[in-house]
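What follows is the residue order along each chain.
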Amino acid sequence: MASPKVAVVGAGVIGLSTALCITETCPSCSVTVLSDQFSPNTTSDVAAGMLIPHTYPDTPIHRQKQWFRETFTYLFAISNSADASEAGIHLVSGWQIFKSTPKEELPFWSDIVLGFRPMSEAELQKFPQHQFGQAFTTLKCDCPPYLLWLEKRLKATGAQMSTRRVADLWELHSEYDIVVNCAGVGAHQLVGDKELFPVRGQVLKVHAPWVKHFIRDGDGLTYIYPGIHRVTLGGTREKGSWSLSPDPGATRDIFDRCCSLEPSLRAAQGMEVKVGLRPSRQCVRVQREILSQGGVKLLVVHNYGHGAGGFSVHRGTAKEAAQLVGECISALQGSSSRAKL
Amino acid sequence: MRVAIIGAGVIGLSSALCIHEQFHGLVPSLELEVYADHFTPHTTSDGAAGLWQPYLSDHGNLQETLWNKETFDYLLGHLHSPAAKEMGLFLISGYNLFTEPVPDPSWKNIVLGFRNLTPKELELFPGYSYGWFNTALMLEGRSYLPWLTNRRGRDGVDVVLNCSGMRAGELQPDPELQPGRGQVIKVLAPWVKHFIITHDLKSGIYNSPYVIPGSEFTVLGGIYQHGNWSEENSAKDHKFIWDSCCRLLPALQKAKIVGEWSGLRPARPSVRLERESVRLGNVQAEVIHNYGHGGFGITIHWGCAMAAARLFGTILQEKKQQLPRAPGPRL
């Protein structure tokens with residue numbers, strides 16, 4: 001098999017980073033990214049892109065930690081290079097605060113982010129309604145810049161990008177040897193995964209360049225994430241809602257909650273309201289599958305279901321998916337050489 | 001009671017505000033007038049980035065450390081007020097970098113969250129093996145000076161507040177007051193969210209690159225030339241600042257330059273904050289000197305303004321006790 005043809009379905013952070021990893025591990029592959037949406041219209045574009053992991057209930061912690069560590073290391077190197085502003089990657093410091101002390105004071109990722117420590121009494125004075133907090137420095141991936149940078153790097157390898165709505169993976173079996181499913185929330189429809197459900201998130205993006213720190217309430221509902229040009233204010237977590245329309249009541253509520261943590265936001269300008277559907281699952285599905293239909297086989301690698309933690313683990317899962325693609329190629333080469341015999 | 005304040009930088013305007021706030025209710029005819037050759041946005045205070053950070057050591061000058069603390073606490077108290085944005089006041093965290101271990105600074109317990117840098121953090125800054133992380137405050141002169149002016153609704157001189165900064169020597173010779181010339185490059189680099197200040201203990205304070213992100217642009221600097229009165233931008237200094245800051249933060253290579261500025265830090269071995277009775281013929285005035293704040297004027301301003309106001313209060317006390325109350329000729 002001279003040049004395996006790989007299709008990657010989905011052009012959010014998972015699809016693009018997976019495609020890029022495949023070009024890195026298999027330079028002879030011809031890679032095509034297929035998606036009905038590209039940046040700035042993907043779910044990833046709505047996200048703030050903060051590297052603060054979400055915990056998946058059914059994925060072993062050591063695996064989540066490995067994914068996060070790989071992602072953090074990869075982005076840390078970019079943030080420290082001349083590419084940082086084009087890629088949209090930058091360091092940001094801040095606080096995660098809790099109204100009551102959490103059971104787990106040291107999350108699994110505390111030794112991967114920088115300078116993690118409990119907040120001092122003096123620091124907590126800024127948040128009179130909160131008893132406990134953690135201070136640390138982490139990374140932020142601003143979208144669209146990060147996705148556009150991934151697209152640029154992909155094109156430089158010769159990978160193709162094509163706007164196309166894939167309704168069924170079998171549509172691709174005649175043109176491609178391997179299909180990589182990074183369809184995010186679309187996987188619910190595309191592969192009929194009933195374990196995949198949306199968690200609707202509404203956010204506001206405002207101009208408030210004097211806000212230099214992130215602030216996150218440990219309950220996950222209220223957060224302030226300063227990006228390169230705008231600050232993301234959040235949010236909502238509505239399980240099972242498929243609605244992409246902004247809700248004005250939620251807008252007022254999000255703004256008020258954020259202003260109570262950071263009063264200077266009252267002077268913020270230029271508010272944009274965005275909605276994204278977190279592609280949620282009890283565990284991230286990074287897995288090979290061989291689909292069968294009337295004697296024909298289709299090799300599939302899944303990489304979806306990252307929910308609220310896509311950016312935090314994207315590079316780690318992309319590398320794992322690329323490895324699985326490598327295994328598919330070996331299997332194909334093995335069977336094609338057997339066929340020759 | 002007529003008071004002249006000479007100087008409209010952060011020291012002059014804050015001293016005026018402090019005295020106004022404390023005494024305008026007590027002294028019905030209190031008139032405060034600010035005199036200066038430059039007003040915002042053309043003062044030395046406007047050119048400064050606005051970061052609250054004292055020098056590394058207070059050289060045993062505990063008074064200045066106390067004034068710094070008073071200023072920090074005062075500003076921190078205003079952080080959540082609706083005025084904060086108008087004042088140009090916000091929290092900022094960042095890094096101080098060294099090539100060797102150094103003692104903790106006098107201000108370690110004034111700022112928030114002071115700690116040493118971890119090995120992983122030091123990987124960000126090749127060439128530096130030791131450093132601090134802390135959360136401090138920015139107070140941008142471009143916003144703060146107009147705010148100070150507006151706060152003080154407006155209304156022969158009995159008292160002169162000499163807040164003339166670099167030019168104090170023209171009013172009264174002071175060989176201890178010397179310029180500490182600085183130059184800065186202003187760039188657009190909104191992805192930089194931390195201040196980064198490097199230190200070269202051999203070359204002295206602010207002669208090593210620093211990056212300070214403001215609310216509209218980021219300031220790159222690293223020049224401190226004692227005795228240099230030139231306010232012209234130097235090409236050689238530009239190159240030093242640009243090359244050394246880009247080495248420190250490679251991402252800056254892509255930043256757009258939007259301005260450049262040189263200013264003279266009014267440097268003195270210690271701040272001159274004291275009273276003096278000045279006599280010219282049969283005319284007498286009380287002078288309160290408040291100048292010589294070097295590169296830490298914003299950092300120390302409120303503590304000094306409060307001290308100047310206390311001296312003013314003493315002057316008022318003395319004038320009340322003067323018998324008979326003769327309205328003599330004023331300066």
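Conventions we followed
- Residues numbered from 1 in each chain as written.
- Chains lettered and ligands numbered in written order.
- Predicted model: local features only at pLDDT ≥ 70, side-chain atom pairs only at ≥ 80, totals over all residues.
- Heavy atoms only, no water.
- UniProt positions renumbered as here; feature names shortened; annotations may be inferred.
- Helix = DSSP H or I, 4+ residues; strand = E, 2+ residues; numbered from the N terminus.
- Rg over C-alpha atoms; globule rule 2.2 N^0.38 Å.
- Buried < 20%, exposed > 50% of the residue type's maximum accessible area, 1.4 Å probe, protein only.
- Areas by Shrake-Rupley, 256 points an atom, 1.4 Å probe, with all protein chains shown as cover.
- Lys, Arg positive; Asp, Glu negative; His and termini not counted.
- Charge placed at Lys NZ, Arg CZ, Asp CG, Glu CD.
- Axes fitted to C-alpha atoms, helices over the stretch in contact; angles between N-to-C directions.
- Parallel < 35°, antiparallel > 145°, perpendicular 65-115°, else oblique.
- Left-handed = near helix turned anticlockwise from the far one by under 90°.
- Contact = heavy atoms within 4.5 Å.
- Phe/Tyr/Trp six-rings, centres within 6.5 Å; stacked < 30°, edge-to-face > 60°.
- Lys NZ or Arg CZ within 6 Å of the ring centre and 35° of its normal.
- Salt bridge = Lys/Arg side-chain N within 4 Å of Asp/Glu carboxyl O.
- Disulfide = S-S within 2.5 Å.
- Arc of directions from axis to C-beta.
- 1 Å grid on protein atoms, 1.4 Å probe; cavity = no way out; pocket = protein on both sides within 12 Å on 5 of 7 lines; lining within 4 Å.
- Points joined across faces, edges and corners; volume = space filled by probe spheres on them.

With an unreviewed UniProt entry as reference, chain B is termed D-amino-acid oxidase, source organism Malurus cyaneus samueli. According to its UniProt record, chain B has this under Cofactor (unreviewed entry): "FAD".

As annotated in an unreviewed UniProt entry, chain A carries the name D-aspartate oxidase and is attributed to Malurus cyaneus samueli. Annotation of chain A in UniProt includes, under Function (unreviewed entry), the sentence "Selectively catalyzes the oxidative deamination of acidic amino acids. Suppresses the level of D-aspartate in the brain, an amino acid that can act as an agonist for glutamate receptors. Protects the organism from the toxicity of D-amino acids. May also function in the intestine." Quoted straight from UniProt, the Sequence similarities (unreviewed entry) entry for chain A says "Belongs to the DAMOX/DASOX family."

**Student:** Is there a simple way to think about the overall build of chain B in this case?
**Tutor:** Looking only at helices and strands, one finds nine helices and 14 strands in chain B. In terms of overall dimensions, chain B is globule-like: its C-alpha atoms have a radius of gyration of 21 Å, near the 20 Å expected for 331 residues. Reported as C-alpha extents along the three principal axes, the dimensions of chain B are approximately 70 × 40 × 35 Å. For chain B, the residues scored as buried account for 56% of the 331 residues in total. Summed over all atoms, the accessible surface of chain B reaches about 14,100 Å², with 55% contributed by carbon and sulfur. In chain B, which carries 30 positive and 31 negative side-chain charges, the distance between the mean positions of the two groups comes to 3 Å.

**Student:** Would you take a moment to explain the packing of helix α1 (residues 13-25) of chain A against helix α6 (residues 145-156) of chain A for this structure?
**Tutor:** Two quantities define a packed helix pair, namely the angle between the helix axes and the distance between the axes. Residue and element names in this part refer to chain A. At their nearest, the axes of α1 and α6 sit 10 Å apart, and the two run at 30° to each other. In terms of orientation, α1 and α6 fall into the roughly parallel class. With respect to the hand of their crossing, α1 and α6 are arranged in left-handed fashion. Residue-level contacts link Val13, Leu16, Ser17, Ala19, Leu20 and Thr23 of α1 to Tyr146, Leu147, Leu150, Glu151, Arg153 and Leu154 of α6.

**Student:** How do you make sense of the UniProt feature "binding site: FAD" (unreviewed entry) in chain B when you look at a structure like this?
**Tutor:** Residues and elements named next belong to chain B. With numbering aligned to this structure, UniProt lists the feature "binding site: FAD" (unreviewed entry) at Thr44, Ser45, Ala49, Gly50, Leu51, Gly294, Gly295, Phe296, Gly297, Ile298 and Thr299. With respect to the helices, strands and loops of the structure, Gly295 is situated in the loop between β14 (283-291) and α9 (297-321). Take Gly295: its relative accessible area is 28%, and that puts it in the partly exposed class. Each residue touching Gly295, except ones within four places of it in the same chain, is listed here: Tyr55, Tyr206 and Arg265. The buried category is assigned to Ile298, whose relative accessible area is 10%. Setting aside chain neighbours within four positions, we find Ile298 in contact with Val10, Ser45, Ala48, Gly50, Trp52, Thr71 and Leu139.

**Student:** Could you clarify how one ought to interpret the packing of aromatic side chains in this entry?
**Tutor:** The geometry of an aromatic ring pair is captured by the separation of the ring centres together with the interplanar angle, meaning the angle of the planes. Inspection of every chain in the model, using the stated rule, returns 24 aromatic pairs over all chains. Taking the centre distance of 6.1 Å and the plane angle of 90° together, the rings of B:Trp107 and B:Phe114 count as edge-to-face. Under the relative-accessibility criterion, B:Trp107 is labelled buried at 1%. By relative accessible area, B:Phe114 is classed as buried at 17%. Among the aromatic residues, those joined into a ring-pair cluster are B:Phe98, B:Trp107, B:Phe114, B:Tyr130 and B:Trp132. In this structure, A:Lys239 packs its charged tip against the face of A:Phe197, placed 5.0 Å from the ring centre.

**Student:** Would you mind going over the UniProt feature "binding site: D-dopa" (unreviewed entry) in chain A with me for this structure?
**Tutor:** Residue and element names in this part refer to chain A. Residues given the UniProt feature "binding site: D-dopa" (unreviewed entry) here are Tyr223 and Arg278. Assignment of secondary structure puts Tyr223 in strand β10 (residues 223-226). Leaving out residues up to four positions away in the same chain, Tyr223 has contacts with Val203, Ile215, Arg216, Thr232, Leu233, Gly234, Gly235, Arg237, Cys258 and Arg278. On the secondary structure map, Arg278 appears in strand β13 (residues 269-280). Residue Arg278 is classed as buried on the basis of its relative accessible area of 12%. Every residue in contact with Arg278, bar those within four places of it in the chain, is listed here: Phe197, Pro198, Val199, Arg200, Gly201, Tyr223, Thr236, Arg237, Gly307 and Ala308.

**Student:** Would you mind going over the environment of B:Gly180 with me for this structure?
**Tutor:** Residues and elements named next belong to chain B. Mapped onto the elements, Gly180 comes out in strand β7 (residues 178-188). Exposure remark for Gly180: the relative accessible area of 0% places this residue in the buried category. In contact with Gly180, not counting residues within four places along its chain, are Tyr224, Gln225, His226, Gly263, Leu264, Arg265 and Ala267.

**Student:** Honestly, the pattern of salt bridges in this entry has me stumped. Any pointers?
**Tutor:** Two side chains carrying opposite charge are able to pair once their charged atoms lie near each other. Within the structure shown, the criterion is met by 35 salt bridges over all chains. Note that B:Asp73 and B:Lys69 form a salt bridge whose closest N and O atoms lie 2.9 Å from each other. One end of the pair, B:Asp73, and the other, B:Lys69, are both in helix α3 (residues 62-78), four residues apart, so they sit about a helical turn from each other. Its salt-bridge partner being B:Arg142, residue B:Glu216 comes within 3.3 Å of it at the nearest N-O pair. Looking at B:Glu216, the relative accessible area reads 57%, which means it is exposed. For B:Arg142, a relative accessible area of 28% puts it in the partly exposed group. Bridged by salt links that share partners, the residues A:Arg164, A:Glu171 and A:Glu175 form one connected network.

**Student:** Looking at this structure, how should I read the state of the cysteines?
**Tutor:** Here a disulfide denotes a covalent bond joining the sulfur atom of one cysteine to the sulfur atom of another. Residue and element names in this part refer to chain A. Using the criterion set out here, one finds one disulfide over all chains in the structure. What pairs with Cys26 in a disulfide is Cys29, and their sulfur atoms sit 2.3 Å apart. Between Cys26 and Cys29, the S-S dihedral sits near 85°, and the bridge is therefore right-handed. Residue classification places Cys26 among the buried positions, given a relative accessible area of 10%. Looking at the unpaired Cys143, the closest cysteine sulfur is the one in Cys141, lying at 6.9 Å.

**Student:** It is not clear to me how helix α6 (residues 141-151) of chain B should be interpreted in this structure. Could you clarify?
**Tutor:** Residues that lie three or four places apart on an α-helix share one face, since the helix turns once every 3.6 residues. Residue and element names in this part refer to chain B. Where α6 is concerned, the buried positions are Gly141, Tyr144, Leu145, Trp147 and Leu148. Along the axis of α6, the buried residues cluster in a sector spanning 160°; they form a single face. Its buried side turned inward, α6 meets α1 (10-23), α2 (44-47), α3, α4 (84-87), β5 (130-139) and α9.

**Student:** Teacher, can you tell me more about empty space enclosed by the protein here?
**Tutor:** In this approach the atoms are scanned with a rolling probe the size of a water molecule, which exposes any empty space left behind. Quantified by volume, the largest cavity comes out at close to 200 Å³. If you go around the largest cavity, you meet 16 residues; those closest to its centre are A:Ser79, A:Leu91, B:His194, B:Ile196 and B:Leu249. Elements that contribute at least two residues to the lining of the largest cavity include exactly β3 (89-98) of chain A together with β8 (194-198) of chain B. The element that contributes the greatest number of residues to the lining of the largest cavity is β3(A), accounting for three residues.

**Student:** How should the packing of α1(B) against α6(B) be read in this particular structure?
**Tutor:** All names here are of chain B. One way to put it is that α1 packs onto α6 with a least axis distance of 9 Å and a crossing angle of 30°. Between α1 and α6, the angle falls in the class roughly parallel. The two elements α1 and α6 meet at a crossing, and its hand is left-handed. Here Val10, Leu13, Ser14 and Leu17 of α1 come into contact with α6, specifically with Tyr144, Leu145, Trp147, Leu148, Thr149 and Arg151.

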